[in-house]
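Fold and geometry: a report
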Amino acid sequence: MTDESDLPIVDPSAVTEHTNSPSDLPPVAGVVLAAGMSSRFGESNKLLAMIDGEPLVRHALRSFLDSGLTPVFVVVGHESQAVREAVGGTGATVIDAPEYEQGQSVSVGAGTAAAAETNAVAAVFLPGDMPFVDPATIRTLISVYDAGVGDALAPAFDGRRGNPVLFDRRHFDKLRRIEGDVGGRRVLLESDEAALVAVEDNGIQIDVDTQAQLAQQRQNRDD
């Protein structure tokens, strides 16, 4: 299996005329993975922690909604009702993953199954604990995909891979078959047409796993 360091890094300006207009992009679904148990965060659910007056998961969802992805799904499991309420009124479709305790693969499978029922040519997956991804980064991923560069794409900042990750529909069956507490990394690395897309967005590498990380991000926002 290819290592992440072996994936080519694509300069989006060299392969496509990047657009900020969602109407110019192909139909791509978005899947926010918001079913996890936040075990490293403590007793509370990190996805419900507040940043700038809104739950963390709602920030992650907004990155998708503002990018023009359609439709957008939110996969819930742990404290599902509270997470539903946190993303209510946005127009996103909420999907239950009742076996969420088996790991992230359950959420990926549920989101993939939902995307497969639409006319989306691909799907973009983002963990719900990543609140600072620029919507323009998502549009860049889709533009590079639309230019035919690859069928499994992830953004890279300063040469390091981040999230979200885009998968062409041809990978949906593989994504639905993964097991355990893993996402789509293996599917990305096993694709012969995988690539990283260079972006100027450090938000692709910022997640919130612990109370200390949350405090740091709050401080960064206040500075």
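Sequence order sets the numbering: in each chain, residues are counted from 1 along the sequence as written. Reporting of local features is limited, given that this is a predicted model, to residues whose pLDDT is at least 70; pairs of side-chain atoms are given and counted only at 80 or more, and all residues count toward the totals for whole chains, interfaces and linings. Here the side-chain values reflect all heavy atoms present in the structure, with hydrogen atoms and water set aside.

Digging into the overall build of the protein chain
Rule in force here: The numbering of helices and of strands both runs from the N terminus, where a helix is a DSSP run of H or I of at least 4 residues and a strand a run of E of at least 2. The buried label goes to any residue with under 20% of its type's maximum accessible area, the exposed label to any with over 50%, and the partly exposed label to all in between, with areas taken from a 1.4 Å probe on protein chains only. What sets the accessible areas is the Shrake-Rupley method with a 1.4 Å probe; for residues, cover comes only from the shown protein chains.
Regarding its fold elements, the protein chain presents 8 helices and 11 strands. Dimensions along the principal axes, computed over C-alpha positions, put the protein chain at roughly 45 × 40 × 35 Å. Counting all 223 residues of the protein chain, 53% fall into the buried class. Roughly 10,100 Å² of accessible area belongs to the protein chain as shown, and the carbon and sulfur atoms make up 42% of that amount.

A closer look at the confidence of the model for the protein chain
Worth spelling out the cut-off: Each residue carries a pLDDT value, the predictor's own confidence for that position, ranging from 0 to 100.
Overall, the predicted model of the protein chain reaches an average pLDDT of 91, with 93% of residues at or above 70. Here helix α8 (residues 211–222) is the element of the protein chain with the lowest mean pLDDT, 77, and strand β10 (residues 165–168) is the one with the highest, 98.

A word on helix α2 (residues 56–67)
Three- or four-residue spacings in an α-helix give side chains the same orientation, since the helix completes a turn every 3.6 residues. The test is simple: Helix span, expected: 1.5 Å multiplied by one less than the number of residues in the helix.
Between its terminal C-alpha atoms α2 stretches 18 Å, which fits the 16 Å expected from 12 residues at 1.5 Å a residue. Taken as a whole, α2 has its buried residues at L56, V57, H59, A60, L61, S63, F64 and S67. After α2 finishes, the residue G68 shows a positive phi value of roughly 95 degrees.

Some details on helix α5 (residues 135–146)
Keep this limit in mind: Two N or O atoms count as a polar contact when they lie within 3.5 Å, although within protein this holds only if one can serve as hydrogen donor and the other as acceptor, and sequence-adjacent residues are included solely when both atoms are side-chain atoms.
Spanning 12 residues, α5 covers 17 Å between terminal C-alpha atoms, matching the ideal 16 Å at 1.5 Å per step. For α5, the buried fraction is high: 10 of the 12 residues fall into the buried class. Of the residues that open α5, the one with a side-chain oxygen 2.9 Å from the backbone nitrogen of A136 is D134.

Examining the packing of α2 against α5
Between two packed helices, both the angle of their axes relative to each other and the distance between the axes serve to describe the pair. Where we set the bar: Where helices are involved, their axes are fitted lines through C-alpha atoms of the stretch in contact, as for all axes, and angles between N-to-C directions lie from 0 to 180°. Any angle that falls under 35 degrees is termed roughly parallel, while one over 145 is termed roughly antiparallel, one within 65 to 115 roughly perpendicular, and all others oblique. We call a crossing left-handed when the near helix sits turned anticlockwise from the far one by less than a right angle, and right-handed when that turn is clockwise. Note on contacts: a residue pair is in contact if any heavy atoms of the two residues lie within 4.5 Å. Under this grouping Gly is polar, as are all residues other than the nonpolar Ala, Val, Leu, Ile, Met, Phe, Trp, Tyr, Cys and Pro and the charged Asp, Glu, Lys and Arg.
Contact geometry for α2 and α5: axes closest at 8 Å, N-to-C directions at 55 degrees. Considering their axes alone, α2 and α5 lie oblique with respect to each other. Considering how the two elements wind past one another, α2 and α5 form a crossing that is right-handed. Contact residues: α2 offers S63, F64, D66 and S67, while α5 offers P135, I138 and R139. A per-class count over the contact of α2 with α5 returns 3 nonpolar, 2 polar and 2 charged.

Some thoughts on the side chain of H59
Within the secondary structure layout, H59 lies in helix α2. For H59, the residues in contact, after removing those within four places along its chain, are I51, D52, E54 and P131.

Things to note about unusual backbone geometry
A cis amide bond links T70 with the next residue in sequence, P71, at an omega value of -5 degrees. Cis rather than trans, the peptide bond between N163 and P164 has omega equal to 10 degrees. Relative to the assigned elements, P164 resides in the loop between β9 (160–161) and β10. Positive phi is not limited to glycine here, since D52 has a value of about 55 degrees. Take D52: it is sitting in the loop between β3 (50–51) and β4 (54–55). For E79, which is not a glycine, the phi torsion comes out positive at approximately 50 degrees. Examined against the element boundaries, E79 turns out to sit in the loop between β5 (72–76) and α3 (80–86). On the basis of relative accessible area, E79 is assigned to the partly exposed category, the value being 36%.

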